[in-house]
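What the coordinates show
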Amino acid sequence: MTQTIAAPAFDVARVRADFPIFDRLVNGHPLVYLDSANTSQKPTVVIDAMREHYALHNANVARSVHTLGTEATEAYEGARAKVATFVGATTAEEIVFTKNSTEAINLVAHAFSERAGDPRLRLGPGDEIVITEMEHHSNIVPWQLLCQRTGAPLRWLRVTDDGRLDLSDLDQVVTERTKLVAFVHYSNVLGTVNPPAAIVRRAREVGALVLLDGSQSVPHLPVDVAALGVDLLAFTGHKMCGPTGIGELWGRGELLAAMPPFLGGGSMIETVSLTGSTFAAPPARFEAGTPPIAQAVGLGAAVDYLTAIGLPAVAEHEKRLAEYALDALTTVPGVRVFGPQDVTDRGATIAFELDGVHPHDVGQILDAEGVQVRVGHHCARPLCVRFGVPAMTRASFYLYTTVAEVDAMVRGLETVRKVFS
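This text gives an overview of the structure that appears in the document. Since the model is a prediction, treat every value here as computed from it, not as a measurement.

**As for the overall build of the protein chain**
The number of helices and strands found in the protein chain is 15 helices and 17 strands. Compactness check: the protein chain gives a C-alpha radius of gyration of 22 Å against a globular reference of 22 Å for 421 residues, within 12% of the reference. In the protein chain, which comprises 421 residues, the share counted as buried stands at 54%. The contacts in the protein chain between residues at least 6 apart in sequence include a share of 71% that link residues at least 24 apart. In the structure as shown, the protein chain presents an accessible area of about 17900 Å², 54% of it carried by carbon and sulfur atoms. In the protein chain, 35 positive and 47 negative side-chain charges are present, and the distance between their average locations comes to 4 Å.

**Some thoughts on the sheet that holds strand 10 (residues 247-251)**
What holds strands together in a sheet is hydrogen bonding between their backbones, with the strands either parallel or antiparallel. Ordered in space as 4-10-9-8-7-5-6, the seven strands form an open sheet in which the pairing is mixed. Whereas interior strands pair on both sides, the edge strands pair on one side only; in this sheet they are strand 4 (95-98) and strand 6 (154-157). Sheet twist, expressed as the mean angle between neighbouring strand axes with direction ignored, is 20°. Looking at chain direction, strand 7 (residues 178-184) and strand 8 (residues 209-213) are connected through five bridges and run parallel. Bridge assignment links Val-184 to a residue of strand 8, and that residue is Asp-213. Running over the sheet, helix 3 (residues 67-87) touches strand 4, strand 9 (232-236) and strand 10 and is turned about 120° from strand 4. Relative to the sheet, helix 5 (residues 141-150) contacts strand 5 (128-132), strand 6, strand 7 and strand 8, its axis offset from that of strand 5 by approximately 160°.

**Observations regarding helix 12 (residues 311-329)**
Each α-helix turn comprises 3.6 residues. Residues three or four places apart therefore point the same way. Between the first and last C-alpha of helix 12 there are 26 Å, a value that for 19 residues agrees with the 27 Å anticipated at 1.5 Å per step. Those residues of helix 12 lying buried are Leu-311, Val-314, His-317, Glu-318, Leu-321, Ala-322, Ala-325, Leu-326, Ala-328 and Leu-329. The buried residues of helix 12 occupy an angular sector of 165° when the element is viewed end-on, so they sit on one face. For helix 12, the exposed residues lying more than 90 degrees away from the buried face are Pro-312 and Asp-327.

**Some words on the pattern of salt bridges**
Charged atoms that come close allow side chains of opposite charge to pair. Taken as a whole and assessed by the stated rule, the structure comprises 20 salt bridges. The partner of Asp-35 in a salt bridge is Arg-394, and the shortest N-O contact between them spans 3.3 Å. In this pair, Asp-35 sits in the loop between strand 3 (32-33) and helix 2 (44-57) while Arg-394 sits in strand 17 (residues 392-396), placing the two residues 359 residues apart along the sequence. Taking relative accessible area as the criterion, Arg-394 reaches 3% and is therefore assigned buried.

**Some points on the sheet that holds strand 13 (residues 335-338)**
The four strands are arranged 13-14-17-16 in an open sheet whose pairing can be described as antiparallel. Only two strands of the sheet have a single neighbouring strand rather than two, namely strand 13 and strand 16 (374-376). Across the sheet, the mean angle separating the axes of adjacent strands is 30° when strand polarity is ignored. Relative to strand 17, strand 16 runs antiparallel, the two sharing three bridges.

**Digging into the nonpolar core**
Within soluble globular proteins, side chains that are nonpolar tend to cluster in buried spots. Core analysis: the largest hydrophobic core is formed by 77 residues, its most contacted members being Val-87, Phe-97, Leu-233, Met-240, Leu-306 and Leu-399. Counting residues per element, this core draws most heavily on helix 11 (residues 293-309), which supplies 10 residues. Beyond its immediate chain neighbours, meaning those up to four positions away, Met-240 contacts Ser-40, Phe-86, Val-218, Pro-219, Phe-235, Leu-299, Ala-302, Val-303, Leu-306 and Tyr-398. Counting residues in hydrophobic clusters, the runner-up holds 31 residues, among them Leu-34, Ala-328, Val-332 and Leu-366.

**Regarding unusual backbone geometry**
Cis geometry is adopted by the peptide bond preceding Pro-283, which originates at Pro-282 and carries an omega value of 5°. A positive phi angle, near 55°, is found at Cys-379, a position not held by glycine. Residue classification places Cys-379 among the partly exposed residues on the basis of a relative accessible area of 34%.

**Description of the packing of aromatic side chains**
Counted according to the given criterion, the structure contains seven aromatic pairs. With centroids separated by 4.9 Å and ring planes inclined at 70°, the aromatic side chains of Phe-19 and Tyr-400 adopt a geometry described as edge-to-face. Highlighted residues: Phe-19 in the loop between helix 1 (12-16) and strand 1 (25-26) and Tyr-400 in the loop between strand 17 and helix 15 (403-419), separated in sequence by 381 residues. With relative accessibility at 1%, the residue Phe-19 sits in the buried group. The lysine or arginine in question, Arg-16, covers the ring of Phe-22, its NZ or CZ lying 4.2 Å from the ring centre. Lying across the ring of Phe-387, Arg-386 places its NZ or CZ 4.9 Å from the centre.

About the thresholds
- Residues numbered from 1 in each chain as written.
- Predicted model: local features only at pLDDT ≥ 70, side-chain atom pairs only at ≥ 80, totals over all residues.
- Heavy atoms only, no water.
- Helix = DSSP H or I, 4+ residues; strand = E, 2+ residues; numbered from the N terminus.
- Rg over C-alpha atoms; globule rule 2.2 N^0.38 Å.
- Buried < 20%, exposed > 50% of the residue type's maximum accessible area, 1.4 Å probe, protein only.
- Contact = heavy atoms within 4.5 Å.
- Areas by Shrake-Rupley, 256 points an atom, 1.4 Å probe, with all protein chains shown as cover.
- Lys, Arg positive; Asp, Glu negative; His and termini not counted.
- Charge placed at Lys NZ, Arg CZ, Asp CG, Glu CD.
- Pairing = 2+ DSSP bridges.
- Axes fitted to C-alpha atoms, helices over the stretch in contact; angles between N-to-C directions.
- Expected span 1.5 Å × (residues − 1).
- Arc of directions from axis to C-beta.
- Salt bridge = Lys/Arg side-chain N within 4 Å of Asp/Glu carboxyl O.
- Core = buried A, V, L, I, M, F, W, Y, C linked by side-chain atoms within 4.5 Å.
- Phe/Tyr/Trp six-rings, centres within 6.5 Å; stacked < 30°, edge-to-face > 60°.
- Lys NZ or Arg CZ within 6 Å of the ring centre and 35° of its normal.

Here's what the structure looks like:
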């Protein structure tokens, strides 16, 4: 008889020991970092990997036959392969390195035009782009600019009062005129995790492409592009324990091959003459100039780190934190939480307001006690308009967040309440 051995409990104290920033104080208090939806902290292994690269292997990639150039190229392409495995890509060539999610989405928007060779990318006044009301500005503004260039209208799916996508009119919004549906997987404000299946199914019925913004989901949840069924996925390194300055676009290989270059320059070409140029196959076609080499090395180390811990364990840890925090916030008078009130299809990002207190005041008082939260419209102003507020306070958790830190935030809010009572 085979004995079943229970998996060890998630050891958040051990995880925190990997992040040197938690040794510091803020305003005389232990650092309580609740702004991981904005950017995550970095473990020592990531910092060390980048330091070692610069100290021992620094050279440009894909341009040299010397030892350092070879080492740098192997490290850069090795990071691409790790990222591909992390999201379930078929090949490493389906991963394009960009500056961030924003650049990845802009790259896709640039591929659409009235003169595009591939009919899937041809966009004009008779066509439409569909987004949702809960998008980050990076998944709104590029499509607005595209629609201005082409004359195609922009349409959107709305958000319900409890912070979920309203799919009741999906068939009326996504129609035979739709060329692309671009939507967020995990809201950076509401914490809502949108199951893509219904939207993907409808897009397939009308022949539209689907881009998923995975900026928040890829760092926190197991993500498999094959299972999601989308055509394109944008995400970023700095929210998943990696460095700033590097993002990623996954795309189906045949679709990337049909897309035109985004930037022109070195490394993205096949041949160049003064009368014209031909372009390299993806992903090189989209990576003009010197790429973010050290950042890719750091991202590869971050992928190794998260893989060793396991995204299912991270997701379960954050689910418990979200449940605890949602309950704890009900003890503070005047708190209004935006988004789902339970942890069904919900991540550990919680936006709220404190009645009668501007979020900037909330943030400043919490900071005085060492608690770092985000305040403002979180690059999602249409969502603030939807809920009738100028700004929100947001607490966002990650694998290193503890229950004690949630308690510190709640105590801080009680202090705010006293100051403004």
